[in-house]
Amino acid sequence: MSKFFNLEIDSLFEELAGLRFSNYGPLHQPIKRQSIKYMPSGNIELTTISHGSAITDAVDHQAGTIRVNDEKAVLESYGDVVIELRGIEPFTNTRQRNYAAEIDEITETSSVHELYCKFKDQSVSDFQIEYVSNVETGYIFPDFYDISYTETSAIKLSNGKGEFNIEESSNNNSFSRAALFLDLEGIQLYLISLSKVQCDNKINDAVIVYLTPQPLEIRNKVRDCISFGLGKQIHYHGYAILNSDYRYVELSCKANYSKVQKDSYHASMPTPLGQAHLELGQIEMNRLVKSMYTNYEKYNLKHVLWGYWHALDAPLHMAGVHFGACIEAFQSAYVSQHSQDFPKKLIQKSEWKVFREKTLEVVESLNISEQERSVIINKINNLNQTPQSVISERFFENLGIELSALEKSAWKERNNAAHGKTVGDNAYEVQIRNIKILKCLLHRMLLISTGASEYYYDYYSIGFPIRFLNDSIVEAIA
């Protein structure tokens, strides 16, 4: 396994010569030595040791304060290497005193949100490696990933006069079907599963290799779109930029407290992308990711997919709320993009004006209090607004989705959960199935509107049959 594919920052300080703090931030100073680790929990921890008389410039924030932590400490090394420890927060410090051994030290442990390291200027031949996790091992990838190891042994004999040298090289090659190539509007990249090649790293189990470096905003979009195709959110841990000589240009490692372990749900791909379940076909996957990427801003997919990941991992009694919120968020974005198909008024302006004036005359004649009159007038003023229920009906019609009785029942599930309605002892099975239908509805909406596929997996029905996007789920499970 290439060392560049493993997210390791523990030995970074040891490799950089003459590393010294130029900005201590909130840390006790001066610092005699330091070490840093990316913990299995996802935390980045910095340990510093300073003299017992060290001081700190940390601001004592009032308990309960909510703030963005913009504290920063900076280290510099020979060769103009600069390391920024962003979002640094000391959380423990202990003082050890042993006068007999002449020891008086403060050991301080701090959390770091991001470690950012700048090595040298970028060049046109740079490439970028993103460190990610939560990629399951069951996917069938279309491209092969080759590993080649070369080992050289040398024997040298010498008595000071004559010399005798023997060099021997051995090669060891292995390959695994563990890669996927994508080309998105000129952005070329590989998704590589390290689990396929027996990666024992505890942080990242996959990498995304960009053939040219991309800004975080672009990479976030790409990751979201790939994740939707995989049926499971990809967790992000940082990146490295390397030049053509395989030397570091930039390095960023981010703490990811809650997203180191795999999510509890199994991958549920929205559409078949190959001949087998979890197979990632080259053509199918490129089409899906390109379609999602092209429509990302248009349909506010950043927000929709953010809610979608939470819906997949939500507890049973609240999953309907989350899926309903995702559907309504997408519906709102879709209606905004196709406003000509969704008139906001029920009747024409001229007819409404006549109706409103006559209705207000009736209200003025009523023997009611001013407060009651004001409430009724406000209701009348809103009468010509198209109800959300009508907009929803038109939305489904516009997409070519005709809701079956089962799907209409599931659509009501989101409201039942949102309003805390109780579920009977024998109704949990129905609730679980309704949630599956809501998930399928969301999949169909996204796939139809973006043109990402013609099919979807029906996760409600037994055997998860493949259906056309306009085919509804009609058969109830006994």
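Here we summarise the structure given alongside this text.

What about the overall build of the chain?
- Broken down by element type, the chain carries 10 helices and 17 strands.
- Across the chain, the fraction of contacts at a sequence separation of at least 24, relative to all contacts at a separation of at least 6, is 69%.

Describing the side chain of threonine 271
- Note on placement: threonine 271 falls in the loop between β15 (248-254) and α3 (282-294).
- Setting aside residues no more than four positions away along its own chain, threonine 271 makes contact with Leu288, Leu447, Ser453, Tyr455, Tyr456 and Tyr457.

Describing the environment of leucine 191
- Considering the arrangement of structural elements, one finds leucine 191 in strand β12 (residues 187-193).
- Sequence-wise, leucine 191 and isoleucine 129 are 62 residues apart; in three dimensions their C-alpha atoms are separated by 9.9 Å.
- For leucine 191, the residues in contact, after removing those within four places along its chain, are Phe141, Ala178, Ala179, Leu180, Val207, Ile208, Ile226 and Leu230.

Regarding the packing of helix α4 (residues 301-312) against helix α10 (residues 428-450)
- In contact at an axis separation of 12 Å, α4 and α10 are set at 155° when each is read in the N-to-C sense. Comparing the axis directions of α4 and α10 gives the class roughly antiparallel. By crossing handedness, the relation of α4 to α10 is classed as left-handed. Contact residues: α4 offers Leu301, Leu305, Tyr308 and Leu312, while α10 offers Lys439, Leu442, His443 and Leu446.
- Taken together, the residues of the contact of α4 with α10 sort by class into 6 nonpolar, 1 polar and 1 charged.

Quick notes on the side chain of serine 472
- Relative to the helices and strands, serine 472 is located in the segment after β17 (466-468).
- With relative accessibility at 14%, the residue serine 472 sits in the buried group.
- Engagement of the side chain of serine 472 in a polar contact is seen with the backbone oxygen of glutamate 402, the distance being 2.4 Å.
- Aside from chain neighbours lying at most four places away, what touches serine 472 is Glu402, Leu403, Ser404, Glu407, Arg444, Tyr456 and Arg467.

Quick word on the sheet that holds strand β2 (residues 29-38)
- Read across the sheet, 4 strands follow the order β2-β3-β7-β6 without closing on themselves; strand pairing throughout is antiparallel. Looking at which strands have only one partner, the edges of the open sheet turn out to be β2 and β6 (89-98). Across the sheet, the mean angle separating the axes of adjacent strands is 20° when strand polarity is ignored.

Overview of the packing of aromatic side chains
- Within this structure, the stated rule accounts for 18 aromatic pairs.
- Taken together, Tyr299, Phe330, Tyr334, Phe395, Phe396 and Trp411 form an aromatic cluster joined through their ring pairs.
- Sitting over the face of the ring of tyrosine 293, lysine 221 holds its NZ or CZ atom 4.2 Å from the ring centroid.
- The ring of tyrosine 459 carries lysine 439 above its face, with NZ or CZ at 4.9 Å from the centroid.

Conventions and cut-offs
Residues numbered from 1 in each chain as written. Predicted model: local features only at pLDDT ≥ 70, side-chain atom pairs only at ≥ 80, totals over all residues. Heavy atoms only, no water. Helix = DSSP H or I, 4+ residues; strand = E, 2+ residues; numbered from the N terminus. Contact = heavy atoms within 4.5 Å. Axes fitted to C-alpha atoms, helices over the stretch in contact; angles between N-to-C directions. Parallel < 35°, antiparallel > 145°, perpendicular 65-115°, else oblique. Left-handed = near helix turned anticlockwise from the far one by under 90°. Nonpolar A, V, L, I, M, F, W, Y, C, P; charged D, E, K, R; others polar. Buried < 20%, exposed > 50% of the residue type's maximum accessible area, 1.4 Å probe, protein only. Polar contact = N/O pair within 3.5 Å; in protein donor to acceptor, adjacent residues only side chain to side chain. Pairing = 2+ DSSP bridges. Phe/Tyr/Trp six-rings, centres within 6.5 Å; stacked < 30°, edge-to-face > 60°. Lys NZ or Arg CZ within 6 Å of the ring centre and 35° of its normal.

By themselves, these observations are geometric and do not establish any function.
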